[in-house]
Amino acid sequence: MSAEIINLRRARKAREKARAAETAAENRARHGRSKHDSERGTVEEHQRAAHLDGHLRVALFEAPGTPAAAEPMPAPVAANEDAATPAPAPQVSRGEAMEDDDGFGPGSAS
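Cut-off values and rules
- Residues numbered from 1 in each chain as written.
- Predicted model: local features only at pLDDT ≥ 70, side-chain atom pairs only at ≥ 80, totals over all residues.
- Heavy atoms only, no water.
- Helix = DSSP H or I, 4+ residues; strand = E, 2+ residues; numbered from the N terminus.
- Buried < 20%, exposed > 50% of the residue type's maximum accessible area, 1.4 Å probe, protein only.
- Areas by Shrake-Rupley, 256 points an atom, 1.4 Å probe, with all protein chains shown as cover.
- Salt bridge = Lys/Arg side-chain N within 4 Å of Asp/Glu carboxyl O.
- Expected span 1.5 Å × (residues − 1).
- Polar contact = N/O pair within 3.5 Å; in protein donor to acceptor, adjacent residues only side chain to side chain.
- pLDDT = per-residue confidence, 0-100.

### Here's the deal with the overall build of the protein
For the protein, the count of helices and strands is 4 helices and 0 strands. Counting from the amino terminus, the protein carries its helices and strands in the arrangement α-α-α-α. Counting the 110 residues in the protein, one finds 1% classified as buried. Total accessible area computed for the protein in this model is approximately 11,100 Å², and 56% of it derives from carbon and sulfur atoms.

Pasting the structure below:
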């Protein structure tokens, strides 16, 4: 009678691999979708988005020659703004703002 020699390390690794495959199958059944289902869902999502975009009330691109394409829309104006809004003051650094002709700034010699 001849006994079969078994490599214990290989047997242990094979047993762990089988357990991991069982756990993975359970997790896939519980949580996941197959690759086919995932790709199919993505395609259906794109089709739904395209279908909704086709039903927009405002066309994104007007045909040439239509009144909306020939004339751009004016920019919205706030209720409190008028055409004579003063220009903003120029930005100056802190040192420039303190120097003036009265002789009391940091640039004046006393």
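### Things to note about the pattern of salt bridges
Throughout the structure, instances matching the rule amount to 2 salt bridges. Salt-bridge contacts for Arg 12 lead to Glu 16; the nearest nitrogen and oxygen are separated by 3.7 Å. Here the residue Arg 12 and the residue Glu 16 both occupy positions in helix 1 (residues 8-30), the gap between them amounting to 4 residues, near one helical turn.

### Quick notes on helix 1
Here helix 1 contains 23 residues, and its C-alpha end-to-end distance of 33 Å stays within 8% of the 33 Å for a straight helix at 1.5 Å per residue. For helix 1, the capping residue at the N-terminal end is Asn 7, with a side-chain oxygen 3.1 Å from the backbone nitrogen of Arg 9.

### A look at the confidence of the model for the protein
In the predicted model, the protein carries a mean pLDDT of 75, and the fraction of residues at 70 or more is 51%. By mean pLDDT, helix 3 (residues 67-70) is the weakest element of the protein at 52, and helix 1 is the strongest at 94.

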